[in-house]
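Residue-level structural notes
This is what each chain is made of:
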Amino acid sequence: MNQNAKKVMVIGGGIAGIQSSLDLGDMGYKVALIEQEPCIGGRMAQLDKTLPTNDCSICILAPKLSDCFRHPNIKIHSLTQVQKISKKEQGFTVTLLRKARFVNEDLCINCGLCVEKCPSKVLDTFEMKMNKRKAIYLYYLQGVPAIMAIDKEKCLYLKNKNKEKRVCGFCEDVCQHNAIDFTQTDTNYTLESDAIILAVGSNQYDPTPLYAYGYKKYKNVITGLEYERMISASGPTEGHITRLSDKKHPKTIAFVQCVGSRDVNTNPYCSSICCTYSTKHAILSREHDEEIQSSIFYIDLRAGGKGFQKYIERAKNEYGVKYIRGKIAEIKIDENENPILFYEDLDTFDVKSKKVEFVILACAMIPTKNSDKLAKVLGIELDEFNFVKSSIDSPVNTNVPGIFACGACLGPQDIPHSVINASGAAAKASEYISRTKR
Amino acid sequence: MNELITEPKSESDNEFEPKILGFLCNWCSYAGADLAGVSRNQYPPNIRVIRLMCSGRVDPVFVMDALIKGVDGILILGCHLGDCHYGEGNYEAQVNYEMLNNLLKYVKMDNRVDLGWVSAAEGTYFAKIVTDFTNKIRSLGPSPLSSKSNPSKELLLNMKAIKQVVYDPRTRKLVGRERFITLHGNVYDEKIDEDEFALLLRDSLEAEYIRNQIYFYLKESPSSVKDMSEKIGIDTKTIFEHFLVLRQRTLIDLSEIKGYSPVYKVIK
Amino acid sequence: MDEIRIGVFVCHCGTNIAGFVDIASVEEYVKTLPHVVFTQRNLYTCSETGLLAIKNGIEENKLNRVIVAACTPRTHEPLFRGICSEMGLNPYFFEFVNIREQCSWVHQKDREKATLKARDLIRMGVARAALLEPLEKFQIDVKPSTLIIGGGISGMTAASNLANQGFEAIIVEKDIELGGQLRHHHKLYPGNMDSQEILSIIEEILKNPKIIVHTSSKIKDIDGYIGNFDITILKDEEEIKFGVGTIIVATGTDLLKPKGLYNYDGKKVITQKELELLFKKDQFNFKNIVMIQCVGSRNKERPYCSSICCMTAMKNARYIKEKNPDAEIIILNRDIYTSGTYQETYYRDARKMGIIFSRYNESKLPKVSEESVIYFNESMKEEIEIKYDLVVLSTPLISYGESKELSKMLKVPIDEFGFFLEAHVKLRPVDFSNDGIFVCGTCKWPANVPESISQGYAAASRVTRIISKDSFTVEGATAWIDQDKCVTCEICLKKCAYKAITRDEEERVIVRTVLCKGCGVCATTCPQHAIEIRHYTDNQVESQITALLEGDLVE
């Protein structure tokens, strides 16, 4: 069977998209892996450790990133988005938009000289805006492809391009490989594809509207993903757990579950992964600092995955993590900006309070910002929450034949589930192509 | 080897820090050791690991080599019995270990070598095994063969003799057939009882050990049966029989007659 | 022989290593070791930047041996070997030294000694690297077919996917018919789909010319290796032999029978499965129902959540309520497990329908007597008695006893609960570490129907990677017999678990390299020291031992 000519497009370069691409690439399909950021890696690249083994996330991800990059059958299209799609008799024609990188991918060697010289500082989205990067930047340390990109909105040269006098352009001067290319523009191009796999992942719910939690109002209340970057050795605080109000190291931390999930006013569904990832945070907190006391406020403790229940037992018994069945009514602060949690004890229905030094909100997993737009472009159905709709007997199919889905765009799920669905989607895509091509 | 003099900085406080060698199989115990790391199970930093595919690859010659060179303790770890990635490699490790253990008893070095089983899921247990073994070796003190101990010539010679025994094709043939003969029977379909075979094996190992002792002593200087009997502490009749065997194997020969006693030497 | 030029790359791994080991001093020390001509420290050696540094290091310094001192070889070795290959260096000239899992992470409180240990380990690696030899991997043919053990939904899904791609699949099912646990189910949540609807796949399977089905059959023996497994099955006491290229394990699970728990009698106190049987036979006629969750799970004996029981209980409770709105149903639970999008809505709707959910505590388990259930209500802080007609116990999925036997035949691991243990929980969820063998469905861990189906597809994908090619590349680290030393005593022949050692036409004892797994048992038992294990030779191991002791000399 000669599958060499057959092509699959994978949209989204997180762990799910990567797994699909690798499986299909190994099967002999030509894979176009579409990623809107400058590097593939997705959410998993932002995580410090993965549970229940607590192995370092980037350590197990990095080999996959490299495998993808080096795979003869996989081509990574970074900084690229899907614009249009048209169904042909067999397969699809996809119009893509590649954003200008302003750096020549073949010439840049990622030496970092340009970053040193660049005077423009930007809030770093990879670091959940807890840190600043330069206008020319590598998306993240272990990112693939390991090539710089210039942030058009923040680059002084590009912002002042129309002025008579040249502004800045230090990066161009300092680059010894002539890799800076300010003439690049956004470009449209089309690709043919025999099947498509959607793996656009998910976002973290922004809890600012949930006023009672005091996110953004109080400096010492942050989100799970922010904490994830904080405890990461390569993150904004180099792995030191630090209160944002006074840079002190907190000794008591509260982890609040179901922020924006299981809540009819925001997202009615359960985000699946929070009970265990907060447990991970609590365990890691204690590993960072033996004096830290963690409390997890939860409604139901959900740990159904392999080894998860034991993980929670370990947290209780070896790391002194306290699990409190309680729903947070409001968070206030005292004069030292210590958060005070007022909560309803779900066993006794009493209202109680607890003062801590730091609060981490386990926020809901929500569909990505543009998922509804993308769904429209692809013509696929979404469920009531804007996740890709699937059925129990065809869990990786969409309503459009030839388009499959995997990972968190199908609904909240953890890494093993994403990887399973990703391989599953690859199998379905291959089956689809085998049956339709004849 | 005796010239190893300087000590690492960290031992300036004079506390004995044993050098421990670990032979770990790739599939279970090495994975268990990795899990100990992933779980951050802390244990003493004395062990140095050599990764092999299977505990059945741990040749007794390696162990003797390490002991003679002065390692304070050796820990051989494999998959639990029945879990071997290769089926029964760890049973082979067990047979080899028991043989070696019997031999090491002659020189009171047997408590410096241990065999254990650790699965890929037993990170905490791995840390415990290493901690316990390190503490045990620490309490035993430095190996009498280590650079710190100024090893006695006699011990060194006996250790070389043991190494030769485990290297010798005769021993290896016998040990290699142990499990097979006790499990499946010999060519005549006679299944030999495990205990019976063990006794047979022990006698034969002891004989080989004495022969090798004799050989290495003779290598140092020619000797009569009577003198050798005093050196090794075994009756003259037994020594004489071993001399005969060694002569048959053309390893030793008559050197001269001193008074009425024949003196033997090693054939170069 | 060319001059040996070793390059050593010491990884910081962020602070994972550098936080507990003085990497700078380690690097300085490594520079003093024999044959080391180049050293470098990397923040993350596995990143593209790090890999580029290795490539440049090889090229600029004419390295012919590469050592990376970083994490465990068990995950990253292929990556670094690949880099060596790319640079034209034989991949077996690469040596990995583990200074993270087995050093920095386990000696976090003693920086000085951890640093000394890292130095020792690298020195041992350098000694070994100097003696490494180039090895060739080679190709073996792959049969484009798959054995699927278990004809439940997961196994059938895999079979159907493979067959539709044009590959042959052979299902071996121990029962008299296909379908597995699904046959016992009544409806499926959340849409009340009839389980028969999903089982319509059976017809498709039986019709598919690419799929061979053996029911009432049992695996008797499995021999061979990836690409060429020899299978013997027992079907109605008749032995059938065939060959396949890959194997998928999809044997499913059993449901715990709660013997001795809560007065279980199978009549008035039954399991969810028995309840569904009553539905199917239309024999259900009860009004006051108490369901108890976590029966025999999330306890000392089985400290895991079976993850499907809460939804199953709700599904059945809702069904009862739909048929008879007057039915009184209370579900006693410890935590309600309804994770993901639709399950939470399902739970909310169940409450709206009037199904009562009440919590009990693990330390005060409910008691079931002749007519009533007594439990301690956590919020009211008092004991409550409920009269019942029927008690339904939600018991967990447990592994089949036969899994152990099968795991031995396949030489794959199972965990403490008897579930099959995958190669990596996160990133290789349906692979075994043994080449060519995969796992899916509930024999790996409790899973619901869509999850089992996904896993079936996933296993099929992993299989397709292999059987879509004609050949598979085999490792080069195998045994080799020196014919000059061999006296053909045949001890190795008996010792080899893979039957990889044999006599050739000239009556010489030789190794069939394809079958050899490189365990080394033959070398250890060879009386003549005639067998070498490539990549783990006597010399290489002894060099590491010698290097370990040399540590005392330096300083």
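Just so it is clear, the model here is predicted, and its values are computed rather than measured.

A look at the packing of helix H2 (residues 60-69) of chain B against helix H5 (residues 153-167) of chain B
Residue and element names in this part refer to chain B. The geometry of H2 relative to H5 is characterised by a closest axis approach of 9 Å and an angle of 165 degrees between their N-to-C directions. The angle between H2 and H5 falls in the class roughly antiparallel. When you trace H2 past H5, the crossing you get is left-handed. Counted together, Pro60, Val61, Met64, Asp65, Leu67 and Ile68 of H2 and Leu156, Met159, Lys160, Ile162, Lys163, Val166 and Tyr167 of H5 form the full contact between these two elements. Considered class by class, the residues forming the contact of H2 with H5 number ten nonpolar, no polar and three charged.

Here's the deal with helix H13 (residues 449-467) of chain C
All names here are of chain C. For H13, which comprises 19 residues, the first-to-last C-alpha distance of 27 Å matches the rise-based estimate of 27 Å (1.5 Å per residue) to within 8%. Summarising burial for H13: 17 of the 19 residues are buried, a large majority. Of the residues that open H13, the one with a side-chain oxygen 3.0 Å from the backbone nitrogen of Glu451 is Asn448.

What about the packing of aromatic side chains?
Summed over all chains, the structure comprises 32 aromatic pairs over all chains. Geometrically, the ring pair formed by Phe126 of chain A and Tyr139 of chain A is edge-to-face, given 5.3 Å between the ring centres and 70 degrees between the ring planes. Of this pair, Phe126 of chain A sits in the loop between strand E8 (121-123) and strand E9 (132-134) while Tyr139 of chain A sits in the loop between strand E10 (136-137) and strand E11 (149-150), and the two are 13 residues apart along the sequence. Looking at Phe126 of chain A, the relative accessible area reads 3%, which means it is buried. According to the relative accessible area criterion, Tyr139 of chain A is buried, its value standing at 13%. Of the aromatic side chains, those joined through ring pairs into one cluster are Phe279, Phe284, Phe286 and Tyr319 of chain C. Here the basic side chain of Lys316 of chain A rests over the ring of Tyr323 of chain A, its NZ or CZ set 5.6 Å away from the ring centre. Here Arg318 of chain C stacks its cationic end above the ring of Tyr346 of chain C, 3.9 Å away from the centre of that ring.

Concerning the environment of Ile54 of chain C
All names here are of chain C. With respect to the helices and strands, Ile54 occurs in helix H2 (residues 48-61). Classification of Ile54 as buried rests on a relative accessible area of 2%. Spatially, the C-alpha atoms of Ile54 and Val66 are 8.3 Å apart, while their sequence positions differ by twelve residues. Contact partners of Ile54, with chain neighbours within four places excluded, come to Phe9, Thr45, Val66, Val68, Phe80 and Ile83.

Concerning the state of the cysteines
What the rule picks out here adds up to zero disulfides over all chains. Considering cysteine sulfurs only, Cys118 of chain A is the nearest to Cys168 of chain A, which forms no disulfide, with 6.1 Å between them. Take Cys519 of chain C: it sits in no disulfide, and the sulfur closest to it among the cysteines is that of Cys54 of chain B, at 5.4 Å.

A word on the interface of chain C and chain B
With 58 residues of chain C at the interface, the matching set in chain B holds 62 residues. With both chains or domains summed, chain C and chain B bury close to 5,400 Å², and 58% of this area falls on carbon and sulfur atoms. Connecting chain C to chain B are six salt bridges. Across the pair Glu92 of chain B and Lys495 of chain C runs a salt bridge, and its minimum N-O distance is 2.9 Å. Taken together, chain C and chain B are joined by 25 residue pairs in polar contact (both at pLDDT 80 or more). Sorting the residues of the side of chain C that touches chain B by element identifies helix H3 (73-86), helix H4 (100-104), helix H5 (111-130), helix H14 (491-495), helix H15 (521-525), strand E30 (531-533) and helix H16 (538-550) of chain C as the ones contributing at least two each. Of the residues belonging to the side of chain C that touches chain B, the class tally is 23 nonpolar, 17 polar and 18 charged.

Focus: the pairing of strand E1 (residues 7-11) of chain A
All names here are of chain A. Where burial is concerned, most of E1 is hidden: four out of the five residues are buried. By the bridge criterion, four bridges tie E1 to strand E13 (residues 195-198) in an arrangement that is parallel. Across the sheet, the residue bridging to Val10 is Ile197, located in E13.

Describing the sheet that holds strand E7 (residues 92-98) of chain A
Residues and elements named next belong to chain A. The three strands are arranged E6-E7-E12 in an open sheet whose pairing can be described as antiparallel. Each having just a single partner strand, strand E6 (80-87) and strand E12 (187-193) make up the two edges of the open sheet. Going across the sheet, the axis of each strand differs from the next one's by a mean of 25 degrees, ignoring polarity. In terms of strand pairing, E7 meets E12 through seven bridges, oriented antiparallel. Each residue of the ladder has a partner; that of Leu97, found in E12, is Asn188.

Some thoughts on the interface of chain C and chain A
On the side of chain A, 81 residues touch chain C, which itself brings 77 residues to the contact. Between chain C and chain A lies a buried interface of about 6,300 Å² when both sides are counted; carbon and sulfur atoms form 58% of it. Summed over the three residues of chain C that lose the most area to chain A, namely Glu48, Lys426 and Leu427 of chain C, the buried surface amounts to 13% of that side. Inspection of the region where chain C meets chain A yields ten salt bridges. Here Arg70 of chain A makes a salt bridge to Glu86 of chain C, at a shortest N to O gap of 2.9 Å. On inspection of chain C and its partner chain A, the count reaches 36 residue pairs in polar contact (both at pLDDT 80 or more).

Points about the domain arrangement of chain C
Residues and elements named next belong to chain C. Parsing chain C into structural domains produces domain 1 (6-137), domain 2 (145-253 + 399-472), domain 3 (255-397) and domain 4 (478-533). Its C-alpha centre places domain 2 at a distance of 31 Å from the equivalent point of domain 3. Roughly 1,800 Å² of surface becomes buried between domain 2 and domain 3 when both sides are summed, with 61% attributable to carbon and sulfur atoms. Three residues stand out in domain 2 for area buried against domain 3, namely His186, Tyr189 and Pro446, and they jointly supply 36% of the buried area on that side. At the boundary of domain 2 and domain 3, one finds zero salt bridges.

Describing the pattern of salt bridges
Residues and elements named next belong to chain A. What the rule picks out here adds up to 79 salt bridges over all chains. The partner of Glu105 in a salt bridge is Arg98, with the nearest N and O atoms 3.9 Å apart. With relative accessibility at 32%, the residue Glu105 sits in the partly exposed group. Accessibility expressed as a relative area gives 25% for Arg98, which makes it partly exposed. Of the charged contacts, one joins Glu318 and Arg314 as a salt bridge, the two residues approaching to 4.0 Å between their closest N and O atoms.

Conventions and cut-offs
- Residues numbered from 1 in each chain as written.
- Chains lettered and ligands numbered in written order.
- Predicted model: local features only at pLDDT ≥ 70, side-chain atom pairs only at ≥ 80, totals over all residues.
- Heavy atoms only, no water.
- Axes fitted to C-alpha atoms, helices over the stretch in contact; angles between N-to-C directions.
- Helix = DSSP H or I, 4+ residues; strand = E, 2+ residues; numbered from the N terminus.
- Parallel < 35°, antiparallel > 145°, perpendicular 65-115°, else oblique.
- Left-handed = near helix turned anticlockwise from the far one by under 90°.
- Contact = heavy atoms within 4.5 Å.
- Nonpolar A, V, L, I, M, F, W, Y, C, P; charged D, E, K, R; others polar.
- Expected span 1.5 Å × (residues − 1).
- Buried < 20%, exposed > 50% of the residue type's maximum accessible area, 1.4 Å probe, protein only.
- Polar contact = N/O pair within 3.5 Å; in protein donor to acceptor, adjacent residues only side chain to side chain.
- Phe/Tyr/Trp six-rings, centres within 6.5 Å; stacked < 30°, edge-to-face > 60°.
- Lys NZ or Arg CZ within 6 Å of the ring centre and 35° of its normal.
- Disulfide = S-S within 2.5 Å.
- Buried area = accessible area lost by both parts, 1.4 Å probe.
- Salt bridge = Lys/Arg side-chain N within 4 Å of Asp/Glu carboxyl O.
- Pairing = 2+ DSSP bridges.
- Domains from an automatic or database assignment.

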